[in-house]
Amino acid sequence: MKFGPVPIDEAEGAVLAHATEAGERRFRKAHRLSADDLSALKAAGISEVVAAVLAPDDLGEDAAAERIAAGMSHRNVEARPAATGRVNLHAEAAGVFTVDRAMIDAINAVDPTITIATLAQHAPVEKGQMVATVKIIPFAVAGSLVDRVARICADGEIFAVNAYRPMRIGVIQTMLPGVKPSVLDKTLRITEARLTRSGSHLTAERRTPHEVAPVAEAAAALVRDNDMVVIFGASAMSDFADVVPAAIEHAGGSVVRAGMPVDPGNLLVLGTLAGKRIIGAPGCARSPKENGFDWVLDRLIAGMGVGGLLMEIPTRPQPREPSPKREGAGPKVEIVLLAAGRSSRMGGPNKLLALFDGKPLVRRAAERALGSRASSTIVVTGHQRERVLATLSGLDVILADNPDFADGLSSSLKAGIAKVSADAAGAMIVLGDMPGVSSADLDRLIEAFRRSGGRSVVRAAHDGRRGNPVLLPRSLFGAIAHLEGDTGARHLVEAGGLDVVDVEIGNAASVDVDTREALEGAGGVLQD
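Along each chain, numbering runs from 1 in the same order as the chain's sequence is written. Thresholds applied to this predicted model are a pLDDT of at least 70 for local features of residues and 80 or more for the giving and counting of side-chain atom pairs; totals over whole chains, interfaces and linings are not thresholded and use all residues. Values reported for side chains reflect all heavy atoms of the structure, with hydrogen atoms and water molecules removed beforehand.

## Some remarks on the layout of surface pockets
Lining residues are those with an atom within 4 Å of a point, where the points come from a 1 Å grid over the protein atoms alone and group into cavities, where a 1.4 Å probe fits but cannot get out, or pockets, open sets with protein on both sides within 12 Å along at least five of seven lines. Grid points are joined across faces, edges and corners, and a volume is the space filled by probe spheres set on the points. Within this model, the largest pocket holds a volume of roughly 1100 Å³. Lining the largest pocket are 36 residues, and of these Leu409, Leu431, Asp433, Asp486 and Asp514 lie nearest its centre. Only DSSP runs of H or I with at least four residues qualify as helices, and only runs of E with at least two residues qualify as strands; both kinds are numbered from the N terminus onward. Counting residues per element, the ones that place at least two in the lining of the largest pocket are β22 (333-339), α11 (409-417), β27 (426-431), β29 (465-473) and α14 (489-495). Examining the composition of the lining of the largest pocket, we find that four residues originate from one element, β29, more than from any other.

Printed below as a string of structure tokens:
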């Protein structure tokens, strides 16, 4: 391939390097020039163009990228159609990503014109998330180089998504004097949120004294009906003969490893009991922030071996079959309606109980959500929970209580997402204080999400400016568990690397009622 200025008379078949206008016609960048195109350019007085002239054995950027991607061997990964010399590869299932680094390095060493980039080894991924990209840098590349890459790809599996297998998890929490029940309750909620990304669920909890015999007895009982048991010790392990590892052995199990070279998370214990997995969780596992416990938990649920811990268990339940979808319905969407806030800027009254056309704002929002094409509506409650519930009487909504509502918006997101069905492709986050959003507006967002294949973020907009609601694909659910404080969905959208589709719904996308003035201006009447 030759690149540079090319006389018009020699430019047939060349690929334009820049968008070029010829009278009323505009040729986009990377357009391949035809004889008719050259006539139009000449008529416009253009005598040369900057372009790439392909050699006989050259492959165009899209063809080269597609050939490389087609030659790769991988599992649970889908290659999307090529565009601008790029093929993106996305996870077909949620799981843990693995990659043959030597193959990736070998491909990138062939020639600077051909590149491949992937996620890191053992990265957790959600269904639909991009895991790798093949990019051809110039407009074309020699076919011989593509052949060299194809030979490397033929050597074996280049990467994979090791799909999660939904599991039943039992939890033991030990107690010492001074341990508050609220701490144990919060640990349970955080653990449930962690399990949502794999479709696993917590089936039972036992609380015992921080002693070997009671912990061993609880472990032996829970392991019978579960695929895994997680033990949260009231005191961190201080010796390999401490309560948690000793209890595993006392129950007839074995400790594979006590201690892990990662911080936070170095006090983790791995063991087996009756052919099942036992994790002695480190103290950091009580926090929603990512830590070493997440890494081990995800890899175990994805069926990846760690110290012989993941031998196949014939009795392990198979993943649940996906629920059949109604013909033509498209990806399933559920609504998470946030109604837990304190209305702090109102100076006392709860804005969600304000009347709009004689109806409490939160009930109005819930009715509009129920009137949409979403399969279900989850309402997250917190501040003045009983009063809010009273206004929702008779509505077919799913309730998600958020006792940590004072911690900020992130706590409500976590509580709501934890209630979303395992077969839902996306969750629309609807704020309870936006009186102008209608059922039709919600349907427009759902339709845009379904047109995208259920893989894009869909966001309401007003005059080109981002607003609310926001519809999040399942690929972002795992990241919600790690949000803290008053951080909401906007951070996930900006950091998630997914396509974003803006849907214009007018003024409703930007009108909320955070202050008395805004609420009264929107037609609301505050109640004491």
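## A closer look at the sheet that holds strand β10 (residues 95-99)
Hydrogen bonding along the main chain pairs the strands of a sheet, whether they run parallel or antiparallel. The strand order β7-β15-β10-β12 describes an open sheet built from four strands, whose pairing is mixed. Since the sheet does not close on itself, it has two edges, and those belong to β7 (73-75) and β12 (124-125), each with one partner. Two strands pair when backbone bridges link them, and β7 and strand β15 (residues 157-163) are joined in this way by three bridges, in the parallel orientation. Across the sheet, residue His74 finds its bridge partner in β15, namely Phe159. In what follows, a contact means two residues having at least one pair of non-hydrogen atoms within 4.5 Å. All axes here are fitted lines through C-alpha atoms, helices being fitted over the stretch that makes contact, and every angle between N-to-C directions spans 0 to 180 degrees. Each of β10 and β15 touches helix α3 (residues 101-108); the most contacted strand, β15, lies at about 135° to it. Any two strands are treated as partners once DSSP identifies two or more bridges connecting them.

## Details of the confidence of the model for the protein chain
Values of pLDDT, ranging from 0 to 100, describe the predictor's confidence in every residue of the model. Considering every residue of the protein chain, the mean pLDDT works out to 87; 93% of them sit at 70 or more. Between the elements of the protein chain, mean pLDDT differs from a low of 69, seen in α14, to a high of 97, seen in strand β18 (residues 228-232). Every residue in residues 305-328 scores below 50 in pLDDT, and together they form 34 contacts with partners more than four places removed in sequence or on other chains.

## Re the packing of aromatic side chains
Pairing of aromatic rings covers Phe, Tyr and Trp, the last through its six-membered ring, and needs centres within 6.5 Å; plane angles under 30 degrees mean stacked, over 60 mean edge-to-face, and all others mean tilted. Using the criterion set out here, one finds two aromatic pairs in the structure. Summarising the aromatic geometry, the rings of Phe97 and Phe159 are spaced 5.8 Å apart at their centres and angled 40° between planes, so their arrangement reads as tilted. Note that Phe97 is positioned in strand β10 and Phe159 in strand β15, a separation of 62 residues in sequence. Residue Phe97 shares its accessibility class with Phe159, and that shared class is buried. Burial here depends on accessible area, computed with a 1.4 Å probe over protein chains only, as a share of the maximum for the residue type. Under 20% is buried, over 50% is exposed, and the range in between is partly exposed.

## Quick word on the pattern of salt bridges
Every case where a carboxyl oxygen of Asp or Glu lies within 4 Å of a side-chain nitrogen of Lys or Arg is listed as a salt bridge. Across all of its chains, the model carries 27 salt bridges by this definition. The shortest N-O distance in the salt bridge between Arg455 and Glu78 comes to 3.0 Å. With Arg455 in the loop between α12 (439-451) and β28 (457-462) and Glu78 in strand β8 (residues 77-79), this pair connects stretches of sequence that are 377 residues apart. Residues joined in a network through salt bridges with shared partners are Arg194, Arg197, Asp294 and Asp298.

## Description of the sheet that holds strand β2 (residues 15-16)
Here we have three strands laid out as an open sheet, ordered β1-β5-β2, and antiparallel in their pairing. On the outer flanks of this sheet lie β1 (2-7) and β2, each paired with one strand and no other.

## Observations concerning the environment of Asp155
Mapped onto the elements, Asp155 comes out in the loop between α4 (143-153) and β15. Using a relative accessible area of 64% as the deciding quantity, one classes Asp155 as exposed. With 64 residues separating them in the primary sequence, Asp155 and Ala91 have C-alpha atoms 22 Å apart.

## Some details on the pairing of β10
For β10, a buried count of five out of five residues is recorded, marking the element as mostly surrounded by other parts of the structure. As paired elements, β10 and β12 share two bridges and run antiparallel to each other. Across the sheet, residue Val96 finds its bridge partner in β12, namely Pro124.

## Digging into empty space enclosed by the protein
Inspection of the entire model under this criterion finds two cavities of 30 Å³ or more. Residue lining of the largest cavity: Ala193, Thr196, Lys414, Ile417, Ala418, Phe477, Ile480 and Ala481, and that is the complete set. Mapped onto the lining of the largest cavity, the elements with two or more residues apiece are α5 (181-196), α11 and α13 (477-480). The computed volume of the second largest cavity comes to approximately 50 Å³. Forming the boundary of the second largest cavity are Ala365, Arg368, Ala369, Val430, Leu431, Met434, Val437 and Leu442. Listed by contribution, the elements that provide at least two residues to the lining of the second largest cavity are α9 (361-370) and β27. Of the residues forming the lining of the second largest cavity, the biggest block, three residues, is contributed by α9. Under this grouping Gly is polar, as are all residues other than the nonpolar Ala, Val, Leu, Ile, Met, Phe, Trp, Tyr, Cys and Pro and the charged Asp, Glu, Lys and Arg. Looking at the lining of the second largest cavity, its residues break down into seven nonpolar, no polar and one charged.

## Observations concerning the pairing of strand β9 (residues 86-91)
Where β8 and β9 come together, three bridges link them in antiparallel fashion. If you follow Ala79 over to β9, its bridge partner there is Leu89. In textbook terms, the turn of a hairpin is the stretch between consecutive antiparallel strands, and for β8 and β9 this stretch comprises six residues, one of which, Thr84, has a positive phi near 50°. For β9 and strand β13 (residues 130-136), the ladder comprises five bridges, and the chain directions are antiparallel. Residue pairing in the sheet places Arg86 in a bridge with Lys135 of β13.

## Let's talk about unusual backbone geometry
The omega torsion across Asp263 and Pro264 is 5°, close enough to zero to call that bond cis. Cis peptide bonds are those with omega within 30 degrees of zero, and the linkage from Asn468 to Pro469 qualifies with 5°. Although it is not a glycine, Ala30 adopts a positive phi angle of roughly 75°. By the secondary structure assignment, Ala30 is in the loop between β4 (25-27) and α1 (35-43). Here Asp463, not a glycine, exhibits a phi torsion of approximately 55°, which is positive. Along the chain, the position of Asp463 falls in the loop between β28 and β29. With relative accessibility at 55%, the residue Asp463 sits in the exposed group.

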